[in-house]
Amino acid sequence: MSRKKRIRASGPGRCWDVAVVGAGPAGAAAAERLARGGAQVVLLERYALPRRKVCGGGLVARAAAAMTVDIRPAVEWICRRVEMTMGPRPLRFMAEREDAVIVMVERACLDHLLVEEARRRGAEVRPCCPVTGMRIDDGSVALKIPGGFVRARWVVCADGAGGRLARMAGWADTRRLVPALECSLHLPPWRFRRFSRAAGFDFGALPRGYGWRFPKAGRLDIGVVSMQPRSGNLKHFLWRYLKRLGLADAPVCDLRAAPIPVAMHTGELASGRVLLVGDAAGLADPLTAEGISHAVRSGRLAADALLETGLDAGRVVPLYHRRMQNAILGELGLARFFARLVFGHPRAAERLFRLRGQHFVEGVTDIACGRSTYRSLLQNPLNYLRLLRPLP
Ligand SMILES: Cc1cc2nc3c(=O)[nH]c(=O)nc-3n(C[C@H](O)[C@H](O)[C@H](O)COP(=O)(O)OP(=O)(O)OC[C@H]3O[C@@H](n4cnc5c(N)ncnc54)[C@H](O)[C@@H]3O)c2cc1C
């Protein structure tokens, strides 16, 4: 008997308003808002919770401010300073704010806080519950889980970069997944101090990519991301980066790799009875690879579209598209413009950095803090003039 038939054969059972698949920030945010809005919602996660997630854990201030829970238990370090370098003989720029620019969080803990908030609001949370099949009928969706199925009127697909649910629902995977590799270094205090004051981003640490150095509680996390899907040997670039930082002799532990989707699905982000959010939709920033803020935002926008239309089949999808376009997709398009410049034309980017690197760093820092957007950076003619005007 085919898998599809088995799903149908196992009977209708309870029909939830919404099944959210994936208990990362996108899924937890969607489930929390849906439950708070009175929807009957079930959150399905394939792993036991709290689960581990490979991530730099750099939560930009705008994402931290948007959290509806007290995230302090997850916070490991606070960076009020951002340092960026560009090129092989690096040009160095620094931006500082009075408040946090990037809050370093322990991802398992942050995600667990968000899931527990969803549970507290009334969502049913089911860990160890991988979805392995999907069948969309006229009025509902059946999700295959171990020992049976879950039926819901709508599905929010929040299963992350490696998720397969969108494909099960009929999407071709047109996201651009790029590889990232990170590790932890436990340094003696005198050595850690040098890296402890700033979150560092080193463009030029590898071709068409960048390296990051994030201070955490009692350790330094170092990572590299290549913006090319086939990047060659990322391990080699990580060692080269460690050498460049003067850390080649430091003991490295917990080497971990995972993909980041830095370009979204080219088609619709919602179709039939399925809405894509977070990494499942491919919403990480193509310049910074930062993905948590758009994950949370898209999860909430999906929930709002469902709640505001009363789950109306004809209205949910267009409303979600409209909201996503206004809130996220336009910004991602502009971020891609900057990413093409920085990663695709490194010489031109270096020249621009030489002229106006400080403005770029200040601008990106303001975006991280939620005080600016890529749109306002590009729309404000003064910024063009500043970019073009030679330094005094
Ligand atoms: C190395 C690395 C460093 C990064 N650093 C940063 C950073 O510093 N700051 C930042 O903002 N972003 C960073 N990101 C990106 C960020 O981690 C993601 O954008 C973010 O986690 C997306 O959240 P999500 O909820 O969409 O997906 P996820 O957090 O990946 O959650 C998806 C969930 O779905 C579950 N799932 C998958 N398939 C199924 C299934 N079939 N059934 C049930 N459950 C399923 C998974 O187990 C998982 O729990 C980094 C990513 C990587 C790889």
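Residues numbered from 1 in each chain as written. Predicted model: local features only at pLDDT ≥ 70, side-chain atom pairs only at ≥ 80, totals over all residues. Heavy atoms only, no water.

Asks: Give a detailed account of the site of the ligand, specifying residues and quantitative values.
Replies: Taken together, 37 residues sit near the ligand, with E45, R51, G56, G58 and D279 positioned nearest. Here an oxygen atom of the ligand and a backbone polar atom of P25 are 3.2 Å apart. R46 has a polar backbone atom sitting 3.1 Å from a nitrogen atom of the ligand. Taking 990 Å² as the accessible area of the ligand by itself, protein coverage stands at 95%. With three residues, strand β16 (residues 252-263) is the single largest residue contributor to the shell around the ligand. Looking at the shell around the ligand residue by residue, the class counts come to 21 nonpolar, eight polar and eight charged. When we break the shell around the ligand down by domain, the ones giving at least three residues each are domain 1 (3-55 + 107-172 + 265-338) and domain 2 (176-262). (Near = heavy atom within 4 Å. Polar contact = N/O pair within 3.5 Å; in protein donor to acceptor, adjacent residues only side chain to side chain. Areas by Shrake-Rupley, 256 points an atom, 1.4 Å probe, with all protein chains shown as cover. Helix = DSSP H or I, 4+ residues; strand = E, 2+ residues; numbered from the N terminus. Nonpolar A, V, L, I, M, F, W, Y, C, P; charged D, E, K, R; others polar. Domains from an automatic or database assignment.)

Asks: How would you summarise the side chain of D202 if you had to cite specific residues and measurements?
Replies: As for its position among the elements, D202 is in strand β13 (residues 198-203). Given a relative accessible area of 3%, D202 falls into the buried group. Of the polar contacts made by the side chain of D202, one reaches the side chain of T85; its length is 2.6 Å. Among residues more than four places away in sequence, those in contact with D202 are T85, Y210, G211, R213, Y241, R244 and L245. (Buried < 20%, exposed > 50% of the residue type's maximum accessible area, 1.4 Å probe, protein only. Contact = heavy atoms within 4.5 Å.)

Asks: Can you explain the domain arrangement of the chain? Please cite residues and give values.
Replies: Taken domain by domain, the chain holds domain 1 (3-55 + 107-172 + 265-338), domain 2 (176-262) and domain 3 (347-388). One C-alpha centre belongs to domain 1, the other to domain 3, and the line joining them spans 34 Å. With ten residues of domain 1 in contact, the opposing surface of domain 3 contributes six residues. Between domain 1 and domain 3 the total buried area reaches about 770 Å² when both faces are included, carbon and sulfur atoms providing 72% of it. For the domain 1 face of the interface with domain 3, the top three residues by lost area are E331, L334 and F338, together amounting to 60%. Connecting domain 1 to domain 3 are zero salt bridges. Here domain 1 and domain 3 share three residue pairs in polar contact (both at pLDDT 80 or more) between them. Among the residues forming the side of domain 1 that touches domain 3, the class breakdown is five nonpolar, three polar and two charged. (Buried area = accessible area lost by both parts, 1.4 Å probe. Salt bridge = Lys/Arg side-chain N within 4 Å of Asp/Glu carboxyl O.)

Asks: Before we move on, can you summarise a nonpolar patch on the surface with the specific residues and values?
Replies: Nonpolar side chains collect at one region of the surface, where W239, V252 and L255 lie side by side and expose about 240 Å² of accessible area between them. Among the structural elements, L255 can be located in strand β16. We classify L255 as partly exposed; its relative accessible area is 34%. (Patch = residues over 30% accessible without salt bridge, like charges linked within 9 Å, V, L, I, M, F, W, Y side chains within 5 Å.)

Asks: Residue-level account of the pattern of salt bridges, with values.
Replies: Enumeration according to the criterion identifies 32 salt bridges in this entry. Put simply, D254 and R52 hold a salt bridge, and the shortest N to O gap is 2.7 Å. Taken together, the positions of D254 in strand β16 and R52 in the loop between β2 (41-44) and β3 (58-60) put the pair 202 residues apart, joining distant regions of the chain. You can call R52 exposed: its relative accessible area is 55%. Where R107 meets D111, a salt bridge forms, and the shortest distance between an N and an O atom there is 2.8 Å.

Asks: Please set out the sheet that holds strand β7 (residues 102-105) residue by residue, giving values where relevant.
Replies: Spatially, three strands are ordered β3-β7-β4 in an open sheet, and the strand pairing comes out antiparallel. Looking at strand neighbours, the two that pair on one side only are β3 and β4 (75-79), the edges of this open sheet. Neighbouring strand axes in the sheet, compared pairwise and without regard to direction, differ in orientation by 30° on average. Pairing of β4 with β7, which is carried by four bridges, proceeds in the antiparallel orientation. Bridge pairing in β7 links W77 to M104. (Pairing = 2+ DSSP bridges. Axes fitted to C-alpha atoms, helices over the stretch in contact; angles between N-to-C directions.)

Asks: Which residues make up the confidence of the model for the chain, and what values do they have?
Replies: Of the residues in the chain, 93% reach a pLDDT of 70 or more, and the chain-wide mean stands at 91. Confidence drops under a pLDDT of 50 for residues 1-11, and excluding neighbours within four residues, the segment shows 15 contacts in the predicted structure. (pLDDT = per-residue confidence, 0-100.)

Asks: An account of the packing of aromatic side chains is requested, with residue identities and associated values reported.
Replies: For the structure on display, the rule yields twelve aromatic pairs. Pairing F93 with F353 gives two aromatic rings, centres 5.3 Å apart and planes at 80°, and the pair type is edge-to-face. With F93 in strand β6 (residues 91-96) and F353 in helix α10 (residues 346-369), the pair connects residues that are 260 residues apart, well separated along the chain. Measuring from ring centre to ring centre gives 5.2 Å for F203 and Y210, while their planes differ by 40°; the resulting arrangement is tilted. (Phe/Tyr/Trp six-rings, centres within 6.5 Å; stacked < 30°, edge-to-face > 60°.)

Asks: Any details on helix α4 (residues 107-121)? Residues and values, ideally.
Replies: In this model α4 runs 21 Å from its N-terminal to its C-terminal C-alpha over 15 residues, within 8% of the 21 Å that 1.5 Å per residue would give. Looking at α4, one finds that the buried residues are R107, A108, L110, D111, L114, V115, E117 and A118. Those residues of α4 hidden inside the fold are in contact with α2 (25-36), β2, β7, β8 (124-126) and α8 (292-308). A positive backbone phi angle near 120° is found at G122, which sits one or two residues after α4. (Expected span 1.5 Å × (residues − 1).)

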